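An overview of the molecular structure
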Amino acid sequence: MPHPVLTGSTTGYDCDVAVIGLGPVGITLCNLLAQNGLSVLGVDAAAGIYALPRAMGMDHEVMRVFQQIGIAEALEPSVGVYRASEYRTADGRLLRRLESPAEPWPLAWPPYLTFNQPELEACLRAQAGTAPGVTLRTSTELVALGPVDAPELTLRDIGTGQTDTVRPHFVVGCDGGNSFVRQALDIAFEDLVFDEPWLVIDMLLDSTVENLPDINIQYCDPLRPHTHVVGPRNLRRWEFMILPGETREEVNTQARIWQFLSPWLKPGEARIWRSATYRFHALVAREWRRGKVFLAGDACHMTPPFLAQGMVQGIKDSVNLAWKLAAVLRDGRPEALLDSYEAERRPLVHEVISITKGLGRIICELDPAEAAARDERMAAEVDRGQGLVIRQNLFPAIADGIVGRADDGTVLASAGGPSPQPVVTTPEGEARLDDVLGGGFHLLVGGDAVLSDETARAANDLGIAIHRIASGQGAGIVERDGIFRDWLRRHDAMAVLVRPDRVVFGAAGSDAEVRALIVQLRLHLEGA
């Protein structure tokens, strides 16, 4: 059959961006680029969506991206609230508890959620399938990648063997841990030294099953570390470490699986949806860009699963890169702006993986003496009231790139994290703030703050939309729970400048400081 006709590009190429790999990261990127008015070719070797679960946790920033794409309502049946996580000894003593902040939620979504990955991907594919400017080619593999400064893709139809050539302006490899794009660029991984084999089992429970844990538990048992995770609806996941001397083949059998699950389940109470063996790695690509070719998701970082950050960080790659590609291709900004993608994302992901690896080391300890010492140390922390951790507090903010800075050059304390998203009321009714604002840069101003005409003109000249958000009573945009008001108070600010990816560029306490932030942003966007 003939290949789909590309929708073309305003830049003289076959398309603006080719996305290789249509898992959650790649298909999210396709949707975001299309929302920004770009033409996109999405390529995947598989004929359809992978029908089994893999990732199962995401945070409120990722759900906010799906809100932006327009699939939040369609996703609702596939999503559940992520339960608290406890680290426990072999005899049940509490070593640590991870929780999420209580309502009202700072980003209008539960801070951490579980999801059904095939259903999530189906929503993303359906949205991309109707998005103007998007062409999806499945059962198609990339077999050659031309020069990075003028990419040329050789694509092969897996069914017919037919090949053709596509010339995109930019290429993004979202093609997983064995990325063809990364290997074609000869980019090596930095090994953060974590390599542990585990068996992962996803079970669909019968409705009559009782007495299962209602939270996530990391069983820090040196005889066999293992994990229980509560998924959405009737999905439960167990993970068991594969011990030295065991093989993947011998542990991944029906008989062994039911043996592992015997403390919780017996045959007839649930069915196995998926079982698979993995090596949990901690890897970060040494480069994320060569010329006009980028890497995102597992193609440039591999994260152990102990904080459910693998897909999360990949989606954050996509939303970070999407607005910058649009700024270059649609708005005519200098291509050097794209250097900020790696500058912002690589050190942050490096730190997230290091944090995750540290938690993995706690769980994976097999030496009985070391495990006993760990148990005593961590149980003592619990006794001192130090055993509770707010999950979101573990993660860093962007610390380089397109973020506001103080006079001494240090990144502003307010910058680099997600901007608040309160639930608001407008004359049209109640909504989440992002749905009222739309895309682009925004200056969010407190209800009683005063902006000078000069500052307002500077914002307008740069295409920054200004919105005043009141609390309690007022006209226009009025927030419901004081989320934005309290955020400004914590940062001693009257206004906050927000990037298109909903990352805070910086908060300001005066009209002059707002204007200084706008000047800084202009310099970034002009490549100065």
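These lines cover the structure that appears in this document, whether it is placed above or below. Quantities reported herein were computed from a predicted structural model and do not represent experimental measurements. (Residues numbered from 1 in each chain as written. Predicted model: local features only at pLDDT ≥ 70, side-chain atom pairs only at ≥ 80, totals over all residues. Heavy atoms only, no water.)

**Examining the pattern of salt bridges**
Between side chains of opposite charge, a pair can form when the charged atoms approach closely. Keep this limit in mind: In the sections that follow, a salt bridge refers to a side-chain nitrogen of Lys or Arg positioned within 4 Å of a carboxyl oxygen of Asp or Glu. Segments assigned H or I by DSSP are reported as helices when at least four residues long, segments assigned E as strands when at least two residues long, and all are numbered from the N terminus. Each residue is placed in one exposure class: buried if its accessible area under a 1.4 Å probe, protein chains only, is under 20% of its type's maximum, exposed if it is over 50%, and partly exposed if it falls in between.
Scanning the entire structure with this criterion turns up 40 salt bridges. The salt bridge involving R233 is made with E119; its shortest N-O contact spans 2.7 Å. Of this pair, R233 sits in the loop between β15 (226–230) and β16 (235–241) while E119 sits in helix α4 (residues 117–130), and the two are 114 residues apart along the sequence. Relative accessible area serves as the criterion here: at 27%, E119 is assigned to the partly exposed category. With a shortest N-O distance of 2.9 Å, K292 and E335 are connected by a salt bridge. Of this pair, K292 sits in the loop between β18 (289–290) and β19 (293–295) while E335 sits in the loop between α8 (310–329) and α9 (339–363), and the two are 43 residues apart along the sequence. Here the salt bridges do not stand alone but share partners, grouping E86, R88, R97 and E99 into one network.

**Remarks on empty space enclosed by the protein**
What counts is decided by this rule: Of the grid points, spaced at 1 Å and generated over the protein atoms alone, those admitting a 1.4 Å probe that cannot get out make up cavities, while open sets with protein on both sides within 12 Å along at least five of seven lines make up pockets; any residue with an atom within 4 Å of a point is treated as lining. Grid points are joined across faces, edges and corners, and a volume is the space filled by probe spheres set on the points. Residue polarity follows a fixed list, in which Ala, Val, Leu, Ile, Met, Phe, Trp, Tyr, Cys and Pro are nonpolar, Asp, Glu, Lys and Arg are charged, and the others, Gly among them, are polar.
Within this structure, the stated rule accounts for one cavity of 30 Å³ or more. Around the largest cavity, the lining residues are R64, S419, P420, L433, D434, L437, H442, L444, V498 and R502. Broken down by secondary-structure element, the contributors of at least two residues to the lining of the largest cavity are α11 (433–437) and β24 (442–446). Residues belonging to the lining of the largest cavity are distributed by class as follows: five nonpolar, two polar and three charged.

**Some remarks on the pairing of strand β5 (residues 85–89)**
Put simply, the rule reads: At least two DSSP bridges between two strands are required for those strands to pair.
Burial within β5 is extensive, with four of its five residues counted as buried. When β5 meets strand β6 (residues 94–99), the two strands line up antiparallel, connected through four bridges. Bridge pairing links S85 to L98 in β6. In terms of strand pairing, β5 meets strand β14 (residues 216–220) through five bridges, oriented parallel. Along β14, the bridge assignment pairs R88 with Y219.

**Section: the sheet that holds strand β3 (residues 57–59)**
The strands making up a sheet associate through backbone hydrogen bonding, with each pair oriented either parallel or antiparallel. The test is simple: Interaxial angles span 0 to 180 degrees and are taken between N-to-C directions of axes, which are lines fitted to C-alpha atoms, for helices over the stretch in contact. Throughout, a residue-residue contact means that at least one pair of heavy atoms, one from each residue, lies within 4.5 Å.
Spatially, β3-β7-β4 is the arrangement adopted by the three strands of the open sheet, whose pairing is antiparallel. This sheet does not close on itself; its edge strands, each paired only once, are β3 and β4 (79–81). Direction aside, neighbouring strands of the sheet carry axes that sit 35 degrees apart on average. With three bridges joining them, β3 and strand β7 (residues 112–115) adopt antiparallel strand pairing. Bridge assignment links M58 to a residue of β7, and that residue is L113. Where α8 meets the sheet, it contacts β3 and β7, and its direction lies at approximately 45 degrees from that of β3.

**Describing the packing of aromatic side chains**
Using the following cut-off: Any pair of Phe, Tyr and Trp rings, taking the six-membered ring for Trp, is counted once the centres come within 6.5 Å. Such a pair is stacked with planes under 30 degrees apart, edge-to-face with planes over 60 apart, and tilted for the rest. By definition here, charges over rings are those cases where NZ of Lys or CZ of Arg is within 6 Å of the ring centre and within 35 degrees of the ring normal.
Across all of its chains, the model carries 13 aromatic pairs by this definition. Residues Y219 and W264 carry aromatic rings whose centres are separated by 5.8 Å and whose planes lie at 55 degrees to one another, so their mutual orientation is tilted. Taken together, the residues span a long stretch of sequence, with Y219 in strand β14 and W264 in the loop between α7 (254–261) and β17 (270–285) at a distance of 45 residues. Neither residue differs from the other here; Y219 and W264 are each classed as buried. These aromatic residues form a ring-pair network of at least three members: Y219, W238, F240, F260 and W264. Against the face of Y112 rests R391, its NZ or CZ located 5.4 Å from the ring centre. One residue, R432, lies across the ring of W109, its end atom 3.6 Å from the ring centre.

**Considerations on the nonpolar core**
For soluble globular proteins, the rule of thumb is that nonpolar side chains tend to be buried together. Just so we agree on the cut-off: Nonpolar core, defined: a set of buried Ala, Val, Leu, Ile, Met, Phe, Trp, Tyr and Cys residues in which side-chain atoms within 4.5 Å join the residues together.
Ranked by internal contacts, the top residues of the largest apolar core, which has 125 residues, are M58 and F66. Per-element tally for this core: the top contributor is α8, with 12 residues. In this structure M58 touches M63, F66, V79, Y112, L113, F115, M311 and V312, once residues within four positions along its chain are discounted. Membership of the second largest hydrophobic core comes to 20 residues, among which are I215, I242, F260 and L261.

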